Number of protein chains: 2
Amino acid sequence: MSEDAPRTDQGAADEARDAPAAPTSSTTPRVQTSTTEIDSTIIHPGSVRINVKGAFIVDQDSASPSGTPASRPSYGTKDIRLPYHTAVVSHIAVDIGGTLAKLVYFSREPYSREPGGRLNFINFETNRIDDCIEFMNQLKMKQQTLNGSKPEELCVIATGGGAYKFYDRIRDVLGVDVLREDEMECLIIGLDFFITEIPREVFTYSETHLMRFEDQRSDIYPYLLVNIGSGVSMIKVSGPRAYERVGGTSLGGGTLWGLLSLLTGAGSFDEMLDLAERGNNAKVDMLVGDIYGTDYGKIGLKSSTIASSFGKVFRIKQEAEKGTECQSTDPTSVDDRPPPAADSPAAPFSSADVSRSLLYAISNNIGQIAYLQSEKHSLSTIYFGGSFIRGHRQTMNTLSYAIKFWSKGEKKAYFLRHEGYLGAVGAFLKRQPRNWGRRGSFEEGVGLGTEARAEAGSRAGAEE
Amino acid sequence: MSEDAPRTDQGAADEARDAPAAPTSSTTPRVQTSTTEIDSTIIHPGSVRINVKGAFIVDQDSASPSGTPASRPSYGTKDIRLPYHTAVVSHIAVDIGGTLAKLVYFSREPYSREPGGRLNFINFETNRIDDCIEFMNQLKMKQQTLNGSKPEELCVIATGGGAYKFYDRIRDVLGVDVLREDEMECLIIGLDFFITEIPREVFTYSETHLMRFEDQRSDIYPYLLVNIGSGVSMIKVSGPRAYERVGGTSLGGGTLWGLLSLLTGAGSFDEMLDLAERGNNAKVDMLVGDIYGTDYGKIGLKSSTIASSFGKVFRIKQEAEKGTECQSTDPTSVDDRPPPAADSPAAPFSSADVSRSLLYAISNNIGQIAYLQSEKHSLSTIYFGGSFIRGHRQTMNTLSYAIKFWSKGEKKAYFLRHEGYLGAVGAFLKRQPRNWGRRGSFEEGVGLGTEARAEAGSRAGAEE
C-alpha cells in the first residue's frame, strides 16, 4: 500500500495511512437528482458543473474497503469532499503515465447523512492496465448507485501517454466514449484547481519548519510546474491555459525505481523509500571532504557537500577485489560479478546507503535543473508534482533545499498533497465550464456558505 | 591501458592507442643547458620560461615503455613536443582529483637528434597515490638525465583536492618543496594554454562530421568550462584570471564508474565504455514511444526520445518475478536479490544495455545543465574537459547533441585532446611568467619559425 500523504513529524503522521473511499457494491439511498440534470449529463458528457463550495480534504476516512490483492490498486491519497455537489457526474478521468495510471471519479456517499459526495483518487501500475480498466468497468456497472446515471452513459476522459497507447483497449472493454486530452494542459488545469480551490493543499517543506500550508493567493501566474513521474517535465505557465513545456529530464522516478530494484532488490517504491530513510549516503558518495580532506572554502564548498554521487563505490569495489586477490585483511569479498549491495555489518555499504544516495542524487538534480529553468524563464514560484514525491520527507527536503541553495534563498519549492493526481484531476475538470469551482461560484454570486468545515480552517471561510 | 585520444571513424582511430613517452632509466646525451639557466631554475622553481614555439602534439610516438603492472599508470594522452625549449625545467605538476591523479612533466629526448623536449602526460588512480608519489620520486632521481637539474632541486606544483589531502605525504616521501595551487585557477590556465597555444587541440564532434579541429581565435573570452571528473564543475571565465565556479553536479564520472561497477561487474572504465559501445539503451530506457505508442508531437517529443532513463527496468523485474511466481512463459527468472544485468540471450537486457543507458543519462544531464548555466551567464562557448570524456565517441556525441538540442543549434560543445590534463598543465604553467608561450613569444618579437610541423598545418604557421 502506498503512502501519498506527506510524512512529517508533526501531526500529519497520523493521517498518513488512511484508506480512501472506494466504490461499494451495495445499493443504498442517494440524494435525488433531477431528470434535467441527468439529461444534460447524457447529452454533454462531463459538462456538469461541479459545486465545490466548502470543498475540503477528508483527513479521517471511515469508509476503507481495500483493493483486491490481484489488482493491487494503490490507495492513500485523501479524498476531497464536495458537500454541496448533488448533480449527476457521469464521467471518470484517468491519467495513464509510463509507470502509474491515476484515476479520479466522483461518488455519492450512500452511508453519509450529509448531502454531496467526494472526489476519489486511486492509482494502478500501468503494466497492470487491465486491472485499471476492470476497475473502471466496475465503476461503470455501479454508476447508478454511485451517481444516478446509467452504465452506458459513462464517459472516460483519458490523458497521459496511455490515453493513446491504450485507447482502443479501454473503449473496447468498457464500450463507452473515451475522450483524450492533452497531458500538459490537464496537469495545469489540475494544478490551478488545487492551488486556487482546495484549502490546506499547497505547502512548503523544510527540515526546520516541516510542513507549512500556504495561504491562497489570487495572482498565481506565472509559475513553473515540475512534474516528476517516471520522467520529469517542466512546464512554464503564464496564464489559465497559457503553458509551454520548457524542458525536463529523463532522470526521474523511473530511474530511481529501476536502478534501486537492480541494486537493492527492493520490490516496491515504498520499500525503497524506507531503505533511503535508514541509509547513510556518505558510505557511497564522494564528499568534498573525501577529496580535500577539508572544506574547499575558496569556492564555498563544504566538506559535507556531495562532489560525486556513488563516487566511492568504484574504489571500494577495486579495493575489495584487490583484497581478495592479495588475501589482505579487507573484510569485503566480491566476485567477478558482485552481488547487489549487501546488508551484512561487514559490507562497506548497504542497500540503505545506496538508496539514500540515489534518492539524493535524483532529487538534487531535478532541483538544480528546475532552478535553472526558473531563472531562464524568470519564474519565482516552483511547484513540484507527480507520483515520485509521494509526500516523502527526504525527497521534499532535498528538492526544497536545492531550490533554496541555488537561488540563495530567493525562491521556494511548493508541494501538493494530491501531487500525483494533477493530470487526472485536470482531465476530470477539462470538460467543465471554465468558471466552475470556488472562484466561479463566488463570481456568480452563489451564496457564501458558513459551513466551511473545521479542517478547512478560517482561511477557507475567508475565501468564500 | 587507457585511451584518451578521441576515437573517430576517420583517421584518428590509428592514433588512439599509441603509448606516450615515459622516462627511461638509461643515461643518454642531452642538449647542454647553461649554468645561468640552471641557477635561475633553482632560485625560482618553475619560473623558467617555456619556449613553445612550434609546439605540436606528438601523434606517432616511438618511445613506448609501459608502466610496471604494479603501478598501473595510465598512459594514452599524446605528448606535446616543444622543439625549441632547451632550458632546464626542474618542476613537475600533479593534479590529484577524487579518482585520478594527473601528472605533467617536461623531459629532454635523449634518443632524438632534434633539440627540445616534450611535455609528458600520465595519470594514476588516486587510491594508488603511493604509486604516483613513487613515480615522482623516480622522476626526481632522473632529474639530471631528464633536465639537467639535481634531484634535490625538484619542485612539485600540486593542485586538486589531493594537493591538500596528500600534502604531507608527498613532501615527506620526496623531501622536496610542494607548492599548492587552486584547482579552478589551474583548470583555466591549462585550458587557456591549450586553446591559444596548441594547434589541433580543440575540436567539435558530431555523428555526421565526427572530429573537426577548430580554428584558433584571439577573442577566447568569455566561455564556460565544464570539467567532468568524478564530479562536475562548471566555471564561468571572463578573462585570463577572471573566473567563477557557477555550478556543477554530483552526477559525473564517479557516478558512472560506481554504478556500472555494481551493475555490470566491469573492472575498468574502458571496459564500461566498450560495453556502452555495444549496448541498446532502448532495452532499459522508457522512450516516449513506450508511453504514447507514438510521438508526442504536440510538444515536439519524438517517439525515440528518452522519457525515463532505466524507466523500463522496474517493470521488467516485476514481470520477471511474477513470471517466476506464476510459472508463466516469461523467460526471465530472478531471485529475490537479482544478479546484475545478465548477458544471456534470454535476458531482457544486458550489461551493455545498462552501460549505454547510464552513459547517455549522465552525459545528457551534464549537457543540459551546462546549457542552462551558459544561458544564465550569457556564454555562447562551452568547453568540456576532464577525465570522464576520454575521447569517447558516444560521450562526446551525447554532450554535443545536448548542447545543440537545447540551444536550438545556437551553441556548440568544444572538446580537447588533452581534456583530462587541464588542471595539471595549469599547475605546471602557473609558475611561469604571464607572457610565456606562443603569444608571448610573438609579443616579444621572437623570430617566427618556419619549422612548424606538418601536423600543425598552415594555421599554426599563420599564428606565428
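Residues numbered from 1 in each chain as written. Chains lettered and ligands numbered in written order. Predicted model: local features only at pLDDT ≥ 70, side-chain atom pairs only at ≥ 80, totals over all residues. Heavy atoms only, no water.

- By the naming in an unreviewed UniProt entry, chain A goes by Pantothenate kinase and is assigned to Amorphotheca resinae ATCC 22711.

**As for the overall build of chain A**
Stage number 1. Assigned secondary structure in chain A consists of 15 helices and 16 strands.
Stage number 2. Taken over 464 residues, chain A has a buried fraction of 63%.
Stage number 3. In the structure as shown, chain A presents an accessible area of about 17,500 Å², 49% of it carried by carbon and sulfur atoms. (Helix = DSSP H or I, 4+ residues; strand = E, 2+ residues; numbered from the N terminus. Buried < 20%, exposed > 50% of the residue type's maximum accessible area, 1.4 Å probe, protein only. Areas by Shrake-Rupley, 256 points an atom, 1.4 Å probe, with all protein chains shown as cover.)

**Observations regarding the packing of helix H2 (residues 129-141) of chain A against helix H5 (residues 167-174) of chain A**
Residue and element names in this part refer to chain A.
Stage number 1. Look at H2 against H5: their axes get within 10 Å of each other, and the N-to-C directions meet at 35°. Note that H2 runs across H5; the crossing there is right-handed. Contact residues: H2 offers Ile-129, Asp-130, Ile-133, Met-136, Asn-137 and Lys-140, while H5 offers Arg-169, Ile-170, Val-173 and Leu-174.
Stage number 2. A breakdown of the residues in the contact of H2 with H5 according to their chemical character gives 6 nonpolar, 1 polar and 3 charged. (Axes fitted to C-alpha atoms, helices over the stretch in contact; angles between N-to-C directions. Left-handed = near helix turned anticlockwise from the far one by under 90°. Contact = heavy atoms within 4.5 Å. Nonpolar A, V, L, I, M, F, W, Y, C, P; charged D, E, K, R; others polar.)

**Some points on the sheet that holds strand S1 (residues 56-57) of chain B**
Think of a sheet as strands paired side by side through backbone hydrogen bonds, with each pair either parallel or antiparallel.
Residues and elements named next belong to chain B.
Stage number 1. One open sheet accounts for 7 strands, arranged S1-S2-S5-S4-S3-S6-S7; its pairing is mixed. Looking at the sheet topology across the chains shown, the edges are occupied by S1 and strand S7 (177-180).
Stage number 2. Inspection of the sheet shows strand S3 (residues 91-96) paired to strand S4 (residues 100-108) by 4 bridges, in the antiparallel sense. The partner of Ile-96 across the bridge, within S4, is Ala-101.
Stage number 3. Together, S3, S4, strand S5 (117-125) and strand S6 (155-159) form the strand contacts of helix H2 (residues 129-141), whose direction differs from that of S4 by roughly 10°. (Pairing = 2+ DSSP bridges.)

**Comments concerning the interface of chain B and chain A**
A common measure of how large an interface is: the accessible area buried when the components associate.
Stage number 1. With 79 residues of chain B at the interface, the matching set in chain A holds 79 residues.
Stage number 2. Interface of chain B and chain A: buried area, both sides summed, is about 6,400 Å²; carbon and sulfur atoms make up 57% of it.
Stage number 3. Put simply, chain B and chain A have 2 salt bridges between them.
Stage number 4. Ionic pairing is found between Lys-376 of chain A and Glu-375 of chain B, a salt bridge with its closest N-O pair at 2.7 Å.
Stage number 5. Here chain B and chain A share 18 residue pairs in polar contact (both at pLDDT 80 or more) between them.
Stage number 6. Counting only elements with at least two residues in the side of chain B that touches chain A, the list comes to helix H4 (162-165), helix H6 (183-197), strand S12 (242-249), helix H7 (253-264), helix H9 (288-292), strand S14 (306-308), helix H10 (313-326) and helix H11 (351-376) of chain B. (Buried area = accessible area lost by both parts, 1.4 Å probe. Salt bridge = Lys/Arg side-chain N within 4 Å of Asp/Glu carboxyl O. Polar contact = N/O pair within 3.5 Å; in protein donor to acceptor, adjacent residues only side chain to side chain.)

**So, the relation of the copies chain B and chain A**
Stage number 1. Least-squares fitting of chain B to chain A yields an RMSD of 0.1 Å, with the transformation described by 0.0 Å of translation along the axis and a rotation of 180°. On this basis, the relationship between the two copies can be described by a two-fold rotation axis.
Stage number 2. Looking at chain B, 100% of its interface residues are interface residues in chain A too, so the copies touch through the same face. (Least-squares fit on C-alpha atoms with pLDDT ≥ 70 in both.)

**A short note on the packing of aromatic side chains**
Stage number 1. Across all of its chains, the model carries 28 aromatic pairs over all chains by this definition.
Stage number 2. Pairing Tyr-401 of chain A with Phe-405 of chain A gives two aromatic rings, centres 6.1 Å apart and planes at 25°, and the pair type is stacked. Of this pair, Tyr-401 of chain A and Phe-405 of chain A are both found in helix H12 (residues 393-406), 4 residues apart, which corresponds to roughly one turn of the helix.
Stage number 3. With a centroid separation of 5.1 Å and 65° between ring planes, the pair formed by Phe-121 of chain B and Tyr-421 of chain B is classed as edge-to-face. Linking Phe-121 of chain B in strand S5 with Tyr-421 of chain B in the loop between strand S16 (412-416) and helix H13 (422-430), this pair joins segments that are 300 residues apart in sequence. Each member of the pair, Phe-121 of chain B together with Tyr-421 of chain B, is buried.
Stage number 4. Chaining the aromatic ring pairs together yields one cluster made of Phe-203, Phe-213, Phe-384 and Phe-415 of chain A.
Stage number 5. Positioned above the aromatic ring of Tyr-167 of chain A is the side chain of Arg-180 of chain A, whose terminal nitrogen or guanidinium carbon lies 3.7 Å from the ring centre. (Phe/Tyr/Trp six-rings, centres within 6.5 Å; stacked < 30°, edge-to-face > 60°. Lys NZ or Arg CZ within 6 Å of the ring centre and 35° of its normal.)

**Let's talk about the pattern of salt bridges**
Stage number 1. On inspection of all chains with the given rule, the structure shows 24 salt bridges over all chains.
Stage number 2. Where Arg-390 of chain B meets Asp-270 of chain B, a salt bridge forms, and the shortest distance between an N and an O atom there is 3.2 Å. Note that Arg-390 of chain B is positioned in the loop between strand S15 (381-385) and helix H12 (393-406) and Asp-270 of chain B in helix H8 (residues 269-278), a separation of 120 residues in sequence. For the residue pair Arg-390 of chain B and Asp-270 of chain B, the accessibility class agrees, reading buried in each case.
Stage number 3. Note that Glu-277 of chain B is salt-bridged to Arg-393 of chain B, the shortest N-O span being 2.7 Å. Taken as a pair, Glu-277 of chain B in helix H8 and Arg-393 of chain B in helix H12 lie far apart in primary sequence, 116 residues in all.
Stage number 4. Salt bridges here are not isolated pairs; linked through shared partners, they connect Glu-181, Glu-185, Arg-241 and Lys-430 of chain A.

**Notes on H5 of chain A**
Residues and elements named next belong to chain A.
Stage number 1. Taken together, the buried positions of H5 are Tyr-167, Ile-170 and Leu-174. Summarising the axial view, the buried residues of H5 lie within an arc of 75°, below the 170-degree limit, and thus occupy one face.
Stage number 2. Among the structural elements, strand S3 (91-96), H2, strand S6 (155-159), helix H4 (162-165) and strand S7 (177-180) are those in contact with the buried residues of H5.
Stage number 3. Trailing H5 by a residue or two, Gly-175 shows a phi angle of about 65°, which is positive. (Arc of directions from axis to C-beta.)

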